[in-house]
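# Structural overview
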Amino acid sequence: MSRISKKKLIKVLKGDLEMPVTKQSLLDQLAKPVTQEEWLKGYKKWVEDQTLSTPLDVYEAIENIGKKKRRKKNVND
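Summary of the structure given here. It should be emphasised that the depicted structure is a prediction, and the values quoted were computed from it without experimental measurement.

## Side note on the overall build of the protein chain
- Helix and strand counts for the protein chain stand at 4 helices and 0 strands.
- Secondary structure elements of the protein chain occur, N-terminal to C-terminal, as α-α-α-α.
- Within the span of the protein chain, comprising 77 residues, buried residues form 1% of the whole.
- Accessible surface, the protein chain: about 8600 Å² in total, of which carbon and sulfur atoms supply 58%.

## Comments concerning the packing of aromatic side chains
- A full pass over the atoms with the stated rule returns 2 aromatic pairs.
- Of the aromatic side chains, those joined through ring pairs into one cluster are Trp39, Tyr43 and Trp46.

## Here's the deal with a nonpolar patch on the surface
- The grouping of Val34, Trp39, Leu40, Tyr43 and Trp46 at the surface amounts to a nonpolar patch, some 560 Å² of accessible area in total.
- Structurally, Trp46 is set in helix α3 (residues 36–53).

Procedures and definitions
Residues numbered from 1 in each chain as written. Predicted model: local features only at pLDDT ≥ 70, side-chain atom pairs only at ≥ 80, totals over all residues. Heavy atoms only, no water. Helix = DSSP H or I, 4+ residues; strand = E, 2+ residues; numbered from the N terminus. Buried < 20%, exposed > 50% of the residue type's maximum accessible area, 1.4 Å probe, protein only. Areas by Shrake-Rupley, 256 points an atom, 1.4 Å probe, with all protein chains shown as cover. Phe/Tyr/Trp six-rings, centres within 6.5 Å; stacked < 30°, edge-to-face > 60°. Patch = residues over 30% accessible without salt bridge, like charges linked within 9 Å, V, L, I, M, F, W, Y side chains within 5 Å. Salt bridge = Lys/Arg side-chain N within 4 Å of Asp/Glu carboxyl O.

Written as structure tokens, this is what we have:
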């Protein structure tokens, strides 16, 4: 889970953080579509931000879910 400040959390819960979608803003977005290169840049930046904000132990915990530890065979048996 990513970490955010208390201020930002309160804004999100109140609904103040998101900009309301108006007809004009929607038309502006449709007037100049995003190119593939711009989209890829944004996606790569988003992935980098998500990866940096997630601690390594979370990935390790996800990887170890369902794995059973192997028991070592006794050599003397």
